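Below, each chain spelled out in residue letters.
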Amino acid sequence: MTGGVERVLRWVFTLALAIAAPLLLAGLLTHSPRLLEAGVLTVMVTPLVGVVILSVAMARARDWPFTAVALVVLAILTSSLYAAARQPPPPSPAMSRPA
Amino acid sequence: MSDASPLLLFVTGAATGLLGSMLGLGGGVFLVPLLTLALGVPIRVAIAASLISVMATAVASSSVNFDRGLVNIRLGLLLEVATASGALLGGLVAGHLTQRQLFLTFAVTIASMGLLMALRSGRRNVIADLDVDVGVLGGRLQEGEAVYAYRVRRLPIGVFASLVAGAISGLLGLGGGIVKVPVLNTFCGIPIRVAAATSTFMIGITTAASAFLFYGRGEVVLPITAAVALGALPGSLVGARISDRVATRSLKVLMAVVLLGVGLRMALEGR
């Protein structure tokens, strides 16, 4: 693994927080659930994007064993997303994310 | 639902982020008890807020650690298979536990963490000979002007600890670093700074595995989560900067006592 992927991850992580923090702040100040949700979701998908980047970097380096490892981690995260999507809707829309 | 103001939640996030970062933790171990016991936030909502707050701080800290060359990405990815599986399982189980069961599980876990914190060793685990074969998972570490090598030993113990850490994370909204870092350092031969940085990188991924489930169940209360996560970001960054200047040993002993006390208080809450 070269320092290249670390630089890409650092850039992506920094960019994600630079997007999420103002969205969260604006959402709190304006009481906008949409802005809050956008900020929270930006934070939540950032690690997923990180694993996608690592999978591609490992494959490009022809490091097949660790490409497989990265893809397994990606599969676990994707199955979590799938399970989340199959959950029943929130009991009280007022307490959580907007419907 | 809690009546705590966003400002109070922000300060709570900042304080726990600061403390967690100074002690090499995500801060969830302090955040969940504070939100539930002091601010009256329901425990499921507190766990969900903690997961996303810990995720945000892990992402922020990792971006700094990548720059310092402290993250062992291969090792982190390999262990993450176990940790993310544990987190997914923990997140699914959390949906079936009662509030009382969650409080009791948290109480036992937090008290055990207090003991772990008091006992963690902080071994250096470095090899001065740079020609040594570090294997696929080992690496090199720069300390000042000097460069050292390290090898990974007893990997199955690290994998098991990662699975446990993941389950704790998914179930209780913690990062799980307090389990992984001492095991990786003491049993697997990883230098403490690499163990902490690699664990932090992993925590971002681990918390995502279970945060999606909490989000899907509608347990992510946006204003609470946003205020806490926003506070945790600057708190953890300041904590990381000043962690070298405080007497961490005495701080850890103090925190171990606090965790044992909070564990007892949460056990009483769950009775």
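Owing to the predicted nature of the structure, the values given are computational and were not obtained by experimental measurement. (Residues numbered from 1 in each chain as written. Chains lettered and ligands numbered in written order. Predicted model: local features only at pLDDT ≥ 70, side-chain atom pairs only at ≥ 80, totals over all residues.)

**Student:** I tried to follow the overall build of chain A on my own but got confused; where do I start?
**Tutor:** Scanning chain A from N- to C-terminus turns up 3 helices and 0 strands. Reading the secondary structure of chain A in the N-to-C direction produces α-α-α. When each of the 99 residues of chain A is scored for burial, the buried share is 35%. Of the contacts formed within chain A by residues at least 6 apart in sequence, a portion of 38% connects residues at least 24 apart. (Helix = DSSP H or I, 4+ residues; strand = E, 2+ residues; numbered from the N terminus. Buried ≥ 20, exposed ≤ 12 C-beta atoms within 10 Å, placed from the backbone. Contact = placed C-beta atoms within 7 Å.)

**Student:** Hey, could you run me through the overall build of chain B in this one?
**Tutor:** Scanning chain B from terminus to terminus reveals 10 helices and 2 strands. Starting at the N terminus and ending at the C terminus, chain B contains elements arranged as α-α-α-α-α-β-β-α-α-α-α-α. Its C-alpha radius of gyration of 18 Å places chain B within 12% of the 18 Å reference for a compact globule of 271 residues. If you line up chain B on its principal axes, its C-alpha atoms span 60 × 35 × 30 Å. Expressed as a percentage of its 271 residues, the buried residues of chain B come to 62%. For chain B, the share of sequence-separated contacts (at least 6 apart) that also reach a separation of at least 24 residues comes to 81%. (Rg over C-alpha atoms; globule rule 2.2 N^0.38 Å.)

**Student:** Honestly, the pairing of strand S2 (residues 146-150) of chain B in this entry has me stumped. Any pointers?
**Tutor:** Where a strand is regular, its side chains alternate between the two sheet faces. Residue and element names in this part refer to chain B. By the bridge criterion, 5 bridges tie strand S1 (residues 139-143) to S2 in an arrangement that is antiparallel. Its bridge partner being in S2, glutamine 142 is matched across the sheet by valine 147. Turn length for the S1-S2 hairpin, with the two strands adjacent in sequence and antiparallel, is 2 residues, and the turn residue glycine 144 shows positive phi of about 65 degrees. (Pairing = 2+ DSSP bridges.)

**Student:** Whenever I open this one, the packing of helix H2 (residues 33-60) of chain A against helix H8 (residues 192-216) of chain B confuses me. Can you help?
**Tutor:** Helix-helix packing is characterised by the crossing angle of the two axes and by the distance between the axes. The N-to-C vectors of H2(A) and H8(B) enclose an angle of 130 degrees; their axes lie 9 Å apart at closest approach. On the basis of their axis angle, the class for H2(A) and H8(B) is oblique. Pair H2(A) / H8(B) crosses with left-handed handedness. Contacts from Met44(A), Pro47(A), Leu48(A), Gly50(A) and Val51(A) of H2(A) reach H8(B) at Gly204(B), Ile205(B), Ala208(B), Ala211(B), Phe212(B) and Tyr215(B). Looking at the contact of H2(A) with H8(B) residue by residue, the class counts come to 9 nonpolar, 2 polar and no charged. (Axes fitted to C-alpha atoms, helices over the stretch in contact; angles between N-to-C directions. Parallel < 35°, antiparallel > 145°, perpendicular 65-115°, else oblique. Left-handed = near helix turned anticlockwise from the far one by under 90°. Nonpolar A, V, L, I, M, F, W, Y, C, P; charged D, E, K, R; others polar.)

**Student:** Can you help me understand helix H6 (residues 155-172) of chain B in this one?
**Tutor:** Along an α-helix, a turn takes 3.6 residues, which lines up residues three or four apart on a common side. Residue and element names in this part refer to chain B. Over its 18 residues, H6 extends 25 Å from the first C-alpha to the last, a length consistent with the 26 Å expected when each residue adds 1.5 Å. By the burial criterion, the buried members of H6 are Gly158, Ala161, Ser162, Leu163, Ala165, Gly166, Ala167, Ile168, Ser169, Gly170, Leu171 and Leu172. Two residues or fewer past H6, glycine 173 is found with a positive phi of approximately 80 degrees. (Expected span 1.5 Å × (residues − 1).)

**Student:** Sorry, what's going on with the interface of chain A and chain B here?
**Tutor:** Accessible area lost during the coming together of the parts is what is often quoted as the interface size. At the junction of the two partners, chain A supplies 46 residues and chain B supplies 45 residues. Broken down by secondary-structure element, the contributors of at least two residues to the side of chain A that touches chain B are helix H1 (3-30), H2 and helix H3 (64-85) of chain A. The residue inventory of the side of chain A that touches chain B, partitioned by class, reads 33 nonpolar, 9 polar and 4 charged.

**Student:** How should I be thinking about unusual backbone geometry in this particular structure?
**Tutor:** For residues that are not glycine, phi is negative in most cases, and the peptide bond is trans in most cases. Even without being glycine, His31(A) reaches a positive phi, approximately 55 degrees. By the element assignment, His31(A) lies in the loop between H1 and H2. Using a count of 10 C-beta atoms within 10 Å as the deciding quantity, one classes His31(A) as exposed. Here Arg154(B), not a glycine, exhibits a phi torsion of approximately 45 degrees, which is positive. Topologically, Arg154(B) is positioned in the loop between S2 and H6.

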